[in-house]
Amino acid sequence: MKDKKSLVLILVVVAVVVIVVGAVLALGGNKKSDQMGSMQMTNTDTSQATKEAAQSTNAINIKNYAFDPSNVTVKVGTTVTWTNQDSIGHTVTSDDSDTNTMKLESKLLSKGETYSVTFTKAGTYTYHCTPHTYMKGTVTVTE
Ligand SMILES: [Cu+2]
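Conventions we followed
- Residues numbered from 1 in each chain as written.
- Predicted model: local features only at pLDDT ≥ 70, side-chain atom pairs only at ≥ 80, totals over all residues.
- Heavy atoms only, no water.
- Pairing = 2+ DSSP bridges.
- Helix = DSSP H or I, 4+ residues; strand = E, 2+ residues; numbered from the N terminus.
- Buried < 20%, exposed > 50% of the residue type's maximum accessible area, 1.4 Å probe, protein only.
- Contact = heavy atoms within 4.5 Å.
- Polar contact = N/O pair within 3.5 Å; in protein donor to acceptor, adjacent residues only side chain to side chain.
- Patch = residues over 30% accessible without salt bridge, like charges linked within 9 Å, V, L, I, M, F, W, Y side chains within 5 Å.
- Areas by Shrake-Rupley, 256 points an atom, 1.4 Å probe, with all protein chains shown as cover.
- Salt bridge = Lys/Arg side-chain N within 4 Å of Asp/Glu carboxyl O.

K.L.:
Explain the sheet that holds strand β1 (residues 59-62) to me, please; I cannot follow it from the model alone.
P.N.:
Strand-to-strand pairing in sheets goes through backbone hydrogen bonds, with the strands running parallel or antiparallel. Across the sheet, which stays open at both edges, the 4 strands sit in the order β2-β1-β4-β6 with mixed pairing between neighbours. In this open sheet, the two strands that pair with only one neighbour each are β2 (67-68) and β6 (114-118). Examined bridge by bridge, strand β4 (residues 79-84) and β6 share 5 bridges and lie antiparallel to one another. The residue bridging T81 from the neighbouring strand is S116, located in β6.

Now the structure itself:
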């Protein structure tokens, strides 16, 4: 009689443990997939933001003796426009070390003047300002 009672008790304990463990696993599994779902959402958002940022970088300001932004990445076929916002004249001129066949060679841009280039070939285009050689910039053109 005593043995039967303890056997029933053990069975009840085992059943409770199985139910609790099962519930915890199920909840944990749901939580995990929720997290993965939200992570995927975040990733999608990030890649969209990156795309928008890349598209919006085709306008470069020349301001306070600097190209801003100095590093941009655009797709082949993008037209990049530099606008001089300084009272002093600046140029957009390919570095001598730049091996691309397409060269950047603007005239001396006065305040408010622009220089536009449509990049038709992928590559890394490095340039500077002729009167101020410390002013440097890079346009990376990708396929
Ligand atoms: Cu300059």
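K.L.:
I keep staring at the environment of S116 and nothing clicks. Help me out?
P.N.:
Tracing the backbone shows S116 in strand β6. With relative accessibility at 41%, the residue S116 sits in the partly exposed group. The residues contacting S116, other than those within four sequence positions of it, are T79, V80 and T81. Engagement of the side chain of S116 in a polar contact is seen with the side chain of T81, the distance being 2.8 Å.

K.L.:
Hey, could you run me through a nonpolar patch on the surface in this one?
P.N.:
Together, Y65, I88 and Y134 make up a nonpolar patch on the protein surface, roughly 320 Å² of accessible area in all. Within the element layout of this structure, Y134 appears in the loop between β7 (123-128) and β8 (136-142).

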